[in-house]
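Next come the chains, spelled out residue by residue.
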Amino acid sequence: MFKIKTYNAISPKGLARFAPDRFEVGSTITAPHAILLRSHKLQGELVPGSLLAVARAGAGVNNIPVEDYGTQGIVVFNTPGANANAVKELVLAGMLLATRGILPGIAYAQSLGHMTDSAAMHALLEKEKAKFAGGELRGKTLGIVGLGAIGSMVADMALALGMKVLGFDPALSIDAAWRLSNAVQRMENLPSLLGRADYVSLHVPALDATRHMINAQALAGIKPGAVLLNFARETIVDAAAVLAALQSGRLGRYVCDFPEPGFAQEPKIIALPHIGASTEESEENCAVMAADQLIDFLDNGHISNSVNYPAIRMDRTPGATRITLANHNVAGVLGHALSVLAEAQVNVIDMSNRSRDALAYNIIDAGSAPGADALAAIGQVDGVIRVRVV
Ligand SMILES: NC(=O)C1=CN([C@@H]2O[C@H](COP(=O)(O)OP(=O)(O)OC[C@H]3O[C@@H](n4cnc5c(N)ncnc54)[C@H](O)[C@@H]3O)[C@@H](O)[C@H]2O)C=CC1
Ligand SMILES: O=C(O)CCC(=O)C(=O)O
């Protein structure tokens, strides 16, 4: 029986993937084999010795000590793309809210609740409506920083709206490049994008390298009056610099999913309570994908969409015993572990080995089950992080 500890509201459709006869799932579980979570912060929490994997039902993994867990043999997964459409649609809403008099218009219409005469009300509305006039998105330029799952969908949406789209992503993966429309004009650096775009939408992960990428210096070069949208993470912008740029008039509006103290007093800010992925569809997609990845890892040792271990899968050899091995990616570790199996007269039938940066992972199908002594000896091999029979 595997024990799965959950944090946050995980969609019931995802939780239903865990067969109750093989998985115990809940928020109060102790000594879990795996954790399934959304935004709950694991940094600073005690790591249970039983923990084999963490699955983030979502994209951003800045709430998980990914590297540290990797060196402890804990595989961290996320669900790339599973909530991208939800974010994309909210970016559109953000652009419209920043451009049309929607919010003040609604507030004004609601303020007329005391009126009883329909004709008088319509006459008043027609007189006052000029106060709530705005602009259109068509023909404007959108600059997208980060052209991954969300950025590429935002690009397609903006192109469909008749916008011109600029993109900046120095780390663009080959898969992401294939997904991207060739109508997106690639910028060589951030200042080039900021100086040209009427709207700038941020879709980069929270990393040391992206911390405060939108700071006072960047904002000094932004197109005057531009709208900045941040549905990525709070750390990517320097909030004080954004407030100063709004107050000086350099920045037109700031739309974000991450309110900060002081934002409520600034009328040019539209801040939402981190609801970019809060749709039924996206919560389901993320939870199902995260659960399936965890189950395949716990049952078969397969890894897909991990952010610290390599992707790996191997068809099971009928009748074989499957051993998985996580190790430091240095010469000799695997050979040493295999020699332990050979000494124990355990024949290797099939094997797959993958590495990612400083870590490696192996799936070994053996003709017979290694004894507890052999497994313990493999665990003692210098460089081996974790060995498991699955
Ligand atoms: N508001 C919300 O509820 C949500 C927020 N997010 C945030 O959005 C981020 C992006 O999500 P996805 O598009 O799914 O991730 P992704 O991994 O598909 O795309 C991120 C892109 O950013 C690029 N990138 C990395 N460093 C960069 C830099 N310095 N400059 C420009 N580009 C850079 C990468 O090359 C990659 O193409 C997540 O990491 C998360 O923080 C994601 C989902 C929901
Ligand atoms: O789970 C959520 O609601 C947050 C989603 C998010 O920020 C992400 O996927 O990075």
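Bear in mind the structure is a predicted one, so any value in this text is a computation, not a measurement. (Residues numbered from 1 in each chain as written. Chains lettered and ligands numbered in written order. Predicted model: local features only at pLDDT ≥ 70, side-chain atom pairs only at ≥ 80, totals over all residues.)

## Some remarks on the environment of Asn 353
Alright, step 1. Counting through the fold element by element, Asn 353 comes out in strand β14 (residues 348-356).
Alright, step 2. Spatially, the C-alpha atoms of Asn 353 and Leu 325 are 9.3 Å apart, while their sequence positions differ by 28 residues. (Helix = DSSP H or I, 4+ residues; strand = E, 2+ residues; numbered from the N terminus.)

## Some words on the nonpolar core
Alright, step 1. Formed by 109 residues in total, the largest nonpolar core has its most connected members in Ala 34, Leu 36, Ala 53, Leu 229, Ala 290 and Leu 294.
Alright, step 2. Beyond its immediate stretch of four places on either side in the chain, Leu 229 contacts Val 91, Gly 94, Met 95, Tyr 199, Val 200, Ser 201, Leu 202 and Val 255. (Core = buried A, V, L, I, M, F, W, Y, C linked by C-beta atoms within 7 Å. Buried ≥ 20, exposed ≤ 12 C-beta atoms within 10 Å, placed from the backbone. Contact = placed C-beta atoms within 7 Å.)

## Some details on the packing of helix α12 (residues 333-343) against helix α13 (residues 372-380)
Alright, step 1. Between α12 and α13, the shortest axis-to-axis distance is 9 Å and the interhelical angle comes to 165°. The pairing of α12 with α13 is recorded here as roughly antiparallel in orientation. As for how α12 packs across α13, the hand of that crossing is right-handed. Across from Ala 337, Val 340 and Leu 341 in α12, the residues of α13 making contact are Ala 374, Ala 377 and Ile 378.
Alright, step 2. For the contact of α12 with α13, a count of residues per class yields six nonpolar, no polar and no charged. (Axes fitted to C-alpha atoms, helices over the stretch in contact; angles between N-to-C directions. Parallel < 35°, antiparallel > 145°, perpendicular 65-115°, else oblique. Left-handed = near helix turned anticlockwise from the far one by under 90°. Nonpolar A, V, L, I, M, F, W, Y, C, P; charged D, E, K, R; others polar.)

## Comments concerning the UniProt feature "domain: ACT" (unreviewed entry) in the protein chain
Alright, step 1. With numbering aligned to this structure, UniProt lists the feature "domain: ACT" (unreviewed entry) at residues 322-390.
Alright, step 2. The distance from the first to the last C-alpha atom of residues 322-390 is 5 Å, and the span holds 29% helix and 43% strand. (UniProt positions renumbered as here; feature names shortened; annotations may be inferred.)

## Some details on the domain arrangement of the protein chain
Alright, step 1. What the domain assignment lists for the protein chain is domain 1 (1-83 + 278-309), domain 2 (84-100 + 136-271), domain 3 (101-134) and domain 4 (310-390).
Alright, step 2. The distance between the C-alpha centroids of domain 2 and domain 4 comes to 45 Å. (Domains from an automatic or database assignment.)

## A closer look at the site of ligand 2
Alright, step 1. Inspection of the region around ligand 2 gives Arg 38, Ser 39, Gly 58, Ala 59, Gly 60, Asn 83, Gly 276, Ala 277 and Ser 278 as its neighbouring residues.
Alright, step 2. For the shell around ligand 2, a count of residues per class yields two nonpolar, six polar and one charged. (Near = placed C-beta within 6 Å.)

## Considering the site of ligand 1
Alright, step 1. Taken together, 33 residues form the shell around ligand 1, and within it Gly 60, Gly 146, Gly 148, Ala 171 and Gly 276 come nearest.
Alright, step 2. Mapped onto the shell around ligand 1, the elements with two or more residues apiece are α3 (84-99) and α6 (149-160).
Alright, step 3. Tallying contributions element by element places α6 first for the shell around ligand 1, with three residues.
Alright, step 4. Residue classes in the shell around ligand 1 are distributed as 20 nonpolar, 10 polar and three charged.
Alright, step 5. Residues lining the shell around ligand 1 come from more than one domain, with at least three contributed by each of domain 1 (1-83 + 278-309) and domain 2 (84-100 + 136-271).

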